[in-house]
Amino acid sequence: MNPRGLGSLPWPARLAALLLSSLLLPGCPSNEPELAQAPQSEAPASAAEAPAGALLSSVHMGDPAAAAQLLEGFYGVEQGVWRWTARKFSVALQAPAGAADTQIEFKFTLPEAVVGRLKSVTLTARVNDADIGSETYQQAGDHVFTKPLPASALQGGALNVEFELDKALPPTESDQRELGVVAISVALK
């Protein structure tokens, strides 16, 4: 991949594209860890298992205090700001108190290398097992997936937010990770 052709992309997308292009070159060893998750004693298996008040309603991928809310499908933090996801990934969030018109906001980057190989990806979200919608992305760059939450999903305070991509880059010989999108933050607004 020619770094000069990435000048129009925002820095997280450029960085992700360069990283992915180097990972996809044959013979380039990867020293990346498997899926990064907080130790089981720190991360609840679901949002419902988290202690009341222990959850945040906004998770930034580089925030060490929020790492325990990343339930599955997130890799280690990179550049102190973002994380690759697998095809399926989930996060626990605290519903804002008294919020009637709450929506989910997932900020992410779709790298050019992913779009170049997969052409498009469809992102689907569920909150406490309620489908809240899907969006298809065909353009590389920064994106914000925003969907309103039904009032029924806000019952109980702790939310289990599950995301699923219809496809992701498969593991390769040089990188054993399944690569989906570059996650920046997930928040309830």
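Residues numbered from 1 in each chain as written. Predicted model: local features only at pLDDT ≥ 70, side-chain atom pairs only at ≥ 80, totals over all residues. Heavy atoms only, no water.

### Side note on the environment of F145
Checked against the element boundaries, F145 lands in strand β7 (residues 141-148). According to the relative accessible area criterion, F145 is buried, its value standing at 0%. The contacts of F145, once residues within four sequence positions are left out, are I104, E105, F106, F108, L123, A125, G133, S134, E135, Y137 and F163. (Helix = DSSP H or I, 4+ residues; strand = E, 2+ residues; numbered from the N terminus. Buried < 20%, exposed > 50% of the residue type's maximum accessible area, 1.4 Å probe, protein only. Contact = heavy atoms within 4.5 Å.)

### Some thoughts on the pairing of strand β8 (residues 158-165)
Counting buried positions over the eight residues of β8 gives six, a clear majority of the element. As judged from the seven bridges shared by strand β3 (residues 82-94) and β8, these two strands associate in the antiparallel manner. Bridge pairing in β8 places Q94 opposite A158. In the sheet, strand β5 (residues 121-127) pairs with β8 via five bridges, with the strands oriented antiparallel. Among the inter-strand pairings, A125 is bridged to a residue of β8, identified as F163. (Pairing = 2+ DSSP bridges.)

### Thoughts on the pattern of salt bridges
If you walk through the whole model with that rule in mind, you get eight salt bridges. Between K167 and D166 there is a salt bridge; the shortest N-O distance is 4.0 Å. Given the relative accessible area of 43%, D166 is considered partly exposed. For D175, the salt bridge goes to R177, with nearest N and O atoms at 3.1 Å. One network of salt bridges, with partners in common, ties together E78, D175 and R177. (Salt bridge = Lys/Arg side-chain N within 4 Å of Asp/Glu carboxyl O.)

### Topic: the nonpolar core
Ranked by size, the top nonpolar core spans 41 residues in total, and within it I104, F106, L123, F145 and F163 carry the most contacts. Taken together, the elements giving at least two residues each to this core come down to β2 (70-78), β3, β4 (103-110), α2 (112-118), β5, β6 (130-137), β8 and β9 (182-188). Once you skip the residues sitting within four places of it in the chain, L123 turns out to touch F89, F106, F108, G133, S134, E135, Y137, F145, F163, E164 and L165. (Core = buried A, V, L, I, M, F, W, Y, C linked by side-chain atoms within 4.5 Å.)

### Observations regarding the packing of aromatic side chains
To describe a pair of aromatic rings, you give the distance between the ring centres and the angle between the ring planes. This structure, assessed with the given rule, holds eight aromatic pairs. Relative to Y137, the ring of F108 has its centre 5.1 Å away and its plane inclined at 85°; by these criteria the two rings are edge-to-face. Of this pair, F108 sits in strand β4 while Y137 sits in strand β6; the two residues are 29 residues apart in sequence, bridging distant segments of the chain. Pairing F145 with F163 gives two aromatic rings, centres 6.3 Å apart and planes at 80°, and the pair type is edge-to-face. Here F163 lies in strand β8 and F145 lies in strand β7, a separation of 18 residues in the sequence. The exposure classification of F145 matches that of F163, with both residues buried. Connected via pairs of aromatic rings, a cluster forms that spans F74, F89, F106, F108, Y137, F145 and F163. Cation over ring: R177 sits above Y75, and NZ or CZ is 5.3 Å from the ring centre. (Phe/Tyr/Trp six-rings, centres within 6.5 Å; stacked < 30°, edge-to-face > 60°. Lys NZ or Arg CZ within 6 Å of the ring centre and 35° of its normal.)

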